[in-house]
Amino acid sequence: MRYWLMKSEPDEFSIDALAKKKVEPWNGVRNYQARNFMRDGMKVGDGVLFYHSNCDEPGVVGIARIASAAYPDPTQFDAASDYYDAASTREEPRWLMVDVAFERKLRRTVTLAELKTHGELEDLALVKRGNRLSVMPVAKSEWDFILALE
DNA sequence: GCCAACGTTGGC
DNA sequence: GCCAACGTTGGC
C-alpha cells in the first residue's frame, strides 16, 4: 500500500465537502507528472493526505482513500468545462482521474508552516522550493510522522 | 531543439 | 494583491 498527498482549494472542494459526498471523482488534474502518479502508482485502498491549498491556513486537514483505478476524466471532453482540452480525444484520452473516498478529518490542521519545521519531512515534495504538484507520493515514514503531529 | 513569452500555482 | 517558481506554447 502506498501513500499520497492531494491538494485541493477549500473554496473549490474542501475536506468537509468530501465528508458530505463520501466519494468524489478527482477531476481537473492537468499536469503530466500528477497524472502519471494516478495512472502508474495509485491502487484502490492507498492512503491520501487531503491538503488545503491557496487559503488562509494551508495544511493537511484529513485522510482519504483511493477508491478507484485511474480512468478518463470526462471534463476534458466537455467544451463548457474549465478543464476542457480540445487536443484530447475519447480514443486516446490525455487526462485521467481517480475516485477518492473520505476517511476522516484530522483533529486539527497540520499546517504547511509546521511541516516545514521538521527535518524528517525535508524530502517531501510539498515542502520543496517552488513545488506546485497537486498530487505527490508520500513515504510511509512521512505519513506516520505527519499523522503523529495531529 | 532552443528559448523567450506567457499563464498558472500557491504561499505570503 | 504580489510575485517567485515552474510548466507550456510557439516562433524560429
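Not measured: the values here are computed from a predicted model.

**Quick word on the pattern of salt bridges**
At step 1: Counted by the stated rule, this structure contains 10 salt bridges.
At step 2: Note that R39 is salt-bridged to D40, the shortest N-O span being 2.9 Å.
At step 3: Residue classification places R39 among the partly exposed residues on the basis of a relative accessible area of 42%.
At step 4: Two residues, K140 and D144, come together in a salt bridge whose shortest N-O distance is 2.8 Å. With K140 and D144 both in helix 4 (residues 140-149) and four residues apart, the pair spans about one turn of that helix.
At step 5: Judged by its relative accessible area of 47%, K140 is partly exposed.
At step 6: When salt bridges that share partners are traced, they join R104, R107 and E150 into one network.

**Some words on a negative patch on the surface**
At step 1: Taken together, the side chains of E9, D11, E12, D56, E57 and D82 present a region of like negative charge at the surface.
At step 2: Mapping E12 onto the fold places it in the loop between strand 1 (3-8) and helix 1 (15-21).

**Some thoughts on the sheet that holds strand 8 (residues 135-138)**
At step 1: Spatial ordering of the open sheet is given by 2-7-4-3-1-8, a layout of six strands whose pairing is mixed. Edge strands, defined here as strands with exactly one partner in the open sheet, are strand 2 (23-25) and strand 8. Strand after strand, the sheet turns through a mean of 35 degrees between neighbouring axes, direction not considered.
At step 2: Sheet analysis places strand 2 next to strand 7 (residues 99-111), joined by three bridges and oriented antiparallel. Residue E24 lies in a different strand from strand 7, and its bridge partner there is V100.
At step 3: Relative to the sheet, helix 2 (residues 32-41) contacts strand 1 and strand 8, its axis offset from that of strand 8 by approximately 55 degrees.

**Quick notes on the side chain of K7**
At step 1: With respect to the helices and strands, the residue K7 is situated in strand 1.
At step 2: Although K7 is buried, it makes no salt bridge; E9 carries the closest opposite charge, 9.5 Å away.
At step 3: The residues contacting K7, other than those within four sequence positions of it, are W26, Y51, S53, L126, N131, R132, L133, S134 and M136.

**Thoughts on the protein's contact with DNA strand B**
At step 1: Close to DNA strand B lie K7, Y51, S53, N54, P58, L112, K116, R132 and L133, which account for all nearby residues.
At step 2: Near the protein, within 4 Å, the atoms of DNA strand B are sugar or phosphate in 75% of cases.
At step 3: A distance of 2.8 Å separates a phosphate oxygen of DNA strand B from a polar atom in the backbone of N54.

**What about the UniProt feature "domain: EVE" (unreviewed entry) in chain A?**
At step 1: Following the UniProt record, one finds the feature "domain: EVE" (unreviewed entry) at residues 2-148.
At step 2: Secondary structure content for residues 2-148 is 20% helix and 30% strand, and the end C-alpha separation is 18 Å.

So, how was this worked out
Residues numbered from 1 in each chain as written. Chains lettered and ligands numbered in written order. Predicted model: local features only at pLDDT ≥ 70, side-chain atom pairs only at ≥ 80, totals over all residues. Heavy atoms only, no water. Salt bridge = Lys/Arg side-chain N within 4 Å of Asp/Glu carboxyl O. Buried < 20%, exposed > 50% of the residue type's maximum accessible area, 1.4 Å probe, protein only. Helix = DSSP H or I, 4+ residues; strand = E, 2+ residues; numbered from the N terminus. Patch = residues over 30% accessible without salt bridge, like charges linked within 9 Å, V, L, I, M, F, W, Y side chains within 5 Å. Areas by Shrake-Rupley, 256 points an atom, 1.4 Å probe, with all protein chains shown as cover. Lys, Arg positive; Asp, Glu negative; His and termini not counted. Charge placed at Lys NZ, Arg CZ, Asp CG, Glu CD. Pairing = 2+ DSSP bridges. Axes fitted to C-alpha atoms, helices over the stretch in contact; angles between N-to-C directions. Contact = heavy atoms within 4.5 Å. Near = heavy atom within 4 Å. Polar contact = N/O pair within 3.5 Å; in protein donor to acceptor, adjacent residues only side chain to side chain. UniProt positions renumbered as here; feature names shortened; annotations may be inferred.

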